[in-house]
Amino acid sequence: MNLNLFNDVPDGLTQRARSFVRAHGVKVDVGTVEEHRQWWLERDIPATVIGRMAAFQERWGGLVLPPASEYDGGPRYFAADSPEGSASEGWWFEAGMQRTAVPYSFMIGPSGEFGIHAGQWLPLHATVEGWVESLALTHHASMWAKKIVKVTGDEVDGIVLDEFEPVHEVLGMADTWWRGADSLVAIYSGEAEALSFPRGRTALIYSGLDEWGLRAGVKDGGSREG
């Protein structure tokens, strides 16, 4: 186990997310993909898919982060496993085991998306980095907001975002973040869409934020270090 990630944070993250991982992340020991490569090859898993899993494991494997505000916390830790798919549909693999008995798996999609699979695939963020950025932004906004309001179901459609801009660094797909003059809005649609459960749609509104609270030094466009 590595309790000090100061020099062991994946590149490609904003300074906000790097600081979050350094301060709150640990790495536990997980197996390598190579241990199972032959077993998967014998079951017709393409070598390219196993290569993607190995790259994921090298970059993210064993990383434990604080729980997300939605999805019952997200993966307990990152670990590549259980490839599934086909040449026509593409291939997915498990991103890490669930913290609780949720009715879906956390998966990495054919193009590297991070999402949930519940009989159908629903990408939440375009990359794993986007998911980590969202966790970091949740932690940051929760610390600096003067008020946090939770909105669910049809009421989410009543949130007016005309004067807001997307927070680019989270690379949102089903889940998105928006930045206004003094507030941040996180909209979570993953469970609602994947489980055909519209009432599961959730938004968190973080208000009363100053410039630091809104950006934490991250420039427009979500510029990253590394």
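All values derive from a computational prediction rather than experimental measurement.

**Student:** Run through the sheet that holds strand E5 (residues 105-108), naming residues and quoting values.
**Tutor:** Taking strand neighbours across the sheet as the criterion, the five strands line up as E3-E4-E5-E6-E7 in an open arrangement whose pairing is antiparallel. This sheet does not close on itself; its edge strands, each paired only once, are strand E3 (81-86) and strand E7 (121-125). Within the sheet, the average angular offset between the axes of one strand and its neighbour, ignoring direction, is 35 degrees. Pairing geometry for E5 and strand E6 (residues 114-117), over four bridges, is antiparallel. Across the sheet, Ile108 pairs through a bridge with Phe114, a residue of E6. Helix H3 (residues 47-60) contacts E3, strand E4 (90-96) and E5 of the sheet and is inclined by roughly 25 degrees relative to E4. Helix H4 (residues 128-144) contacts E5, E6 and E7 of the sheet and is inclined by roughly 55 degrees relative to E7.

**Student:** Talk me through the pattern of salt bridges; I want residue IDs and the actual numbers.
**Tutor:** In the structure shown here, the tally under the stated rule is twelve salt bridges. For Glu169, the salt bridge is made with Arg179, and the minimal N-O distance between the two is 3.9 Å. Of this pair, Glu169 sits in the loop between strand E9 (165-166) and strand E10 (175-179) while Arg179 sits in strand E10, placing them ten residues apart in sequence. Each member of the pair Glu169 and Arg179 is classed as buried.

**Student:** I'd like a rundown of unusual backbone geometry, residues and numbers included.
**Tutor:** Look at Asp44: it is not a glycine, yet its phi comes out positive at around 65 degrees. Looking at where Asp44 falls in the secondary structure, it is placed in the loop between helix H2 (37-41) and H3. You will see that Ser196, though not glycine, has its phi angle at about 50 degrees, which is positive. By the element assignment, Ser196 lies in the loop between helix H5 (190-194) and strand E12 (202-207). Accessibility expressed as a relative area gives 60% for Ser196, which makes it exposed.

**Student:** Please provide a residue-by-residue account of empty space enclosed by the protein, values included.
**Tutor:** One pass over the full model with this rule turns up three cavities of 30 Å³ or more. As a volume, the largest cavity reaches approximately 70 Å³. Around the largest cavity, the lining residues are Leu63, Leu65, Pro66, Gly73, Pro75, Arg76, Tyr77, Phe78, Arg99, Trp131 and Leu135. Of the residues in the lining of the largest cavity, the class split is eight nonpolar, one polar and two charged. Quantified by volume, the second largest cavity comes out at close to 60 Å³. Of the residues forming the lining of the second largest cavity, the biggest block, four residues, is contributed by H4. Its residues placed into classes, the lining of the second largest cavity shows five nonpolar, four polar and one charged.

Conventions used here
- Residues numbered from 1 in each chain as written.
- Predicted model: local features only at pLDDT ≥ 70, side-chain atom pairs only at ≥ 80, totals over all residues.
- Heavy atoms only, no water.
- Pairing = 2+ DSSP bridges.
- Helix = DSSP H or I, 4+ residues; strand = E, 2+ residues; numbered from the N terminus.
- Axes fitted to C-alpha atoms, helices over the stretch in contact; angles between N-to-C directions.
- Contact = heavy atoms within 4.5 Å.
- Salt bridge = Lys/Arg side-chain N within 4 Å of Asp/Glu carboxyl O.
- Buried < 20%, exposed > 50% of the residue type's maximum accessible area, 1.4 Å probe, protein only.
- 1 Å grid on protein atoms, 1.4 Å probe; cavity = no way out; pocket = protein on both sides within 12 Å on 5 of 7 lines; lining within 4 Å.
- Points joined across faces, edges and corners; volume = space filled by probe spheres on them.
- Nonpolar A, V, L, I, M, F, W, Y, C, P; charged D, E, K, R; others polar.

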